[in-house]
Amino acid sequence: MIFIEGNTFLMGTDSDVGFVDDLEGPATKVKVQSFYIDRYTVTNQAFLQFFLETGYVTDAERYGSSHVFKLLLNEAEREIYPTLSQTTWWHEVPGASWRKPEGKDSSIKVRMDHPVVHVSRNDALAYCLWAGKRLPTEAEWEYAARGGLIGKQFPWGDDLHQDSKHHANVWQGSFPTMNTLEDGYLGTAPVDSYEPNGYGLYQTSGNVWEWCLNPGIIPLATFQQKNADQFLVENSHYSDEIYALRGGSFLCHCSYCQRYRVAGRNSNTALSSSSNVGFRCVKDVETKKVKMSE
């Protein structure tokens, strides 16, 4: 884990690039305490170890299906599996889970260093409890994701293709029908792909969305009023409510959304799971024991 020294920083943005309803602004001064954060998102290898020691069953496994991006399926599968009504590039695939990301005939065997996906926020909480860690608040996540840069759009600067190279696993081409694969990936990439930010964190832009500790769609001013301790006490329970996600994913593209920016915000129900959602953990400098309640 990487030690992040606490400080006051400018959270969010006054830019109009994002969606108004995401509440990315106004940019707000927020203080965060020192904490440790994982260098990478949790990998399939790490989640497998968690499973082997606990026998944990994820929400997707209990439910019997999860959401898979259409181009990760073959044409026959796309004809069979139903799509979501408003976002038709998502198929509900029986048997899709963290171990079988595209359904019953798929495997993570050659993807052990990729981020674990098809994990709900509830699953992430269970992993954190086992690991002696917790999820980051959005304030902690953004502060660490910025890597010491002030007011920049990305962890490396303001240009998505700075120095004429790819810095993140995001979509190239025409979303959601054609990906030119200029960065080499259609789905997830290994967690150590691309260069780390100024603090040593990898892929805080793109690859997979990352679950956060706090509820979704809350004003940035809330982070002036509540610290991580308060969010932890109030949000360490199994839930189906809306919670925050950060970082964007391999599906992000400027034609649809630009939430792969460090100020970008998203949210979903704590029960949801899909091909492009994972998490990374943080740890307090002084560990606090909070049990996950049903």
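In short, a report on the structure. (Residues numbered from 1 in each chain as written. Predicted model: local features only at pLDDT ≥ 70, side-chain atom pairs only at ≥ 80, totals over all residues. Heavy atoms only, no water.)

## Focus on helix α5 (residues 138–146)
A large share of α5 lies buried, amounting to 9 of its 9 residues. All buried positions along α5 are accounted for by E138, A139, E140, W141, E142, Y143, A144, A145 and R146. Positive phi appears at G147, one or two residues downstream of α5, with a value of about 65°. (Buried < 20%, exposed > 50% of the residue type's maximum accessible area, 1.4 Å probe, protein only. Helix = DSSP H or I, 4+ residues; strand = E, 2+ residues; numbered from the N terminus.)

## Remarks on the pattern of salt bridges
Two side chains that carry opposite charge are able to pair once their charged atoms sit near each other. Counted by the stated rule, this structure contains 17 salt bridges. With its nearest N and O atoms 3.6 Å apart, the salt bridge here joins K152 to D158. The salt bridge involving E234 is made with K226; its shortest N-O contact spans 2.8 Å. Using a relative accessible area of 29% as the deciding quantity, one classes K226 as partly exposed. Each of E138, E142, R146, R246 and R265 takes part in a single network of salt bridges with overlapping partners. (Salt bridge = Lys/Arg side-chain N within 4 Å of Asp/Glu carboxyl O.)

## Notes on the sheet that holds strand β4 (residues 35–37)
Read across the open sheet, the 3 strands follow the order β1-β4-β13; overall the sheet is antiparallel. Here the strands that pair on one side only, and so sit at the sheet edges, are β1 (2–4) and β13 (282–284). Looking at each pair of strands side by side, their axes are set apart by 30° on average, direction ignored. The pairing of β4 with β13 spans 3 bridges and is classified as antiparallel. Residue pairing across strands places I37 opposite V282, the latter belonging to β13. Where α5 meets the sheet, it contacts β1, β4 and β13, and its direction lies at approximately 70° from that of β4. (Pairing = 2+ DSSP bridges. Axes fitted to C-alpha atoms, helices over the stretch in contact; angles between N-to-C directions. Contact = heavy atoms within 4.5 Å.)

## Quick look at the nonpolar core
By size, the foremost hydrophobic cluster in this structure holds 49 residues, and its most contacted members are I4, I37, F47, L135, W211 and F279. Look past the residues within four positions of I37 in its chain and what remains in contact with it is M1, I2, I4, A144, L201, R280, C281 and V282. Among the nonpolar cores identified, the runner-up in size contains 7 residues, and W89, W90, W171 and F175 belong to it. (Core = buried A, V, L, I, M, F, W, Y, C linked by side-chain atoms within 4.5 Å.)

## Considerations on the packing of helix α1 (residues 44–54) against helix α4 (residues 121–131)
Across the interface, α1 lies against α4 with an axial gap of 11 Å and an inter-helix angle of 75°. Between α1 and α4, the angle is such that the two are roughly perpendicular. Taken together, the residues of α4 that come into contact with α1 (itself represented by A46, F47, Q49, F50, E53 and T54) are A126, Y127 and W130. For the contact of α1 with α4, the per-class residue count stands at 6 nonpolar, 2 polar and 1 charged. (Parallel < 35°, antiparallel > 145°, perpendicular 65-115°, else oblique. Nonpolar A, V, L, I, M, F, W, Y, C, P; charged D, E, K, R; others polar.)

## Considering the packing of aromatic side chains
According to the stated counting rule, one finds 24 aromatic pairs in the structure shown. Ring centres 5.0 Å apart and planes at 35° place the aromatic pair Y40 and Y202 in the tilted group. On the criterion of sequence distance, the pair formed by Y40 in the loop between β4 and α1 and Y202 in the loop between β8 (178–179) and β9 (209–215) is long-range, its members being 162 residues apart. Plain terms: the ring middles of F154 and W156 are 5.0 Å apart, the flat faces sit at 5° to each other, and that makes the pair stacked. There is no split in this pair, since F154 and W156 are both buried. The rings of F47, F50, F51, Y56, W98, Y127, W130 and F279 are connected pair by pair, giving a single aromatic cluster. Stacked on the ring of Y56, the Lys or Arg R62 has its end atom at 5.5 Å from the ring centre. When the ring centre of F51 is taken as reference, the NZ or CZ atom of R99 above it lies at 4.5 Å. (Phe/Tyr/Trp six-rings, centres within 6.5 Å; stacked < 30°, edge-to-face > 60°. Lys NZ or Arg CZ within 6 Å of the ring centre and 35° of its normal.)

## Comments concerning the pairing of strand β10 (residues 242–246)
Judged by how many residues are buried, β10 sits mostly within the fold: 4 of 5 residues are covered. Sheet topology places β9 next to β10; 3 bridges connect them, and they run antiparallel. From the neighbouring strand, P215 faces β10, where its bridge partner is Y243. Two strands pair when backbone bridges link them, and β10 and strand β11 (residues 266–269) are joined in this way by 4 bridges, in the antiparallel orientation. By the bridge assignment, Y243 is partnered in β11 with N268.

## Focus on the environment of L73
Here L73 shows up in the loop between β5 (65–69) and α3 (75–80). For L73, a relative accessible area of 4% puts it in the buried group. Sequence separation between L73 and D14 is 59 residues; the distance between their C-alpha atoms is 39 Å.

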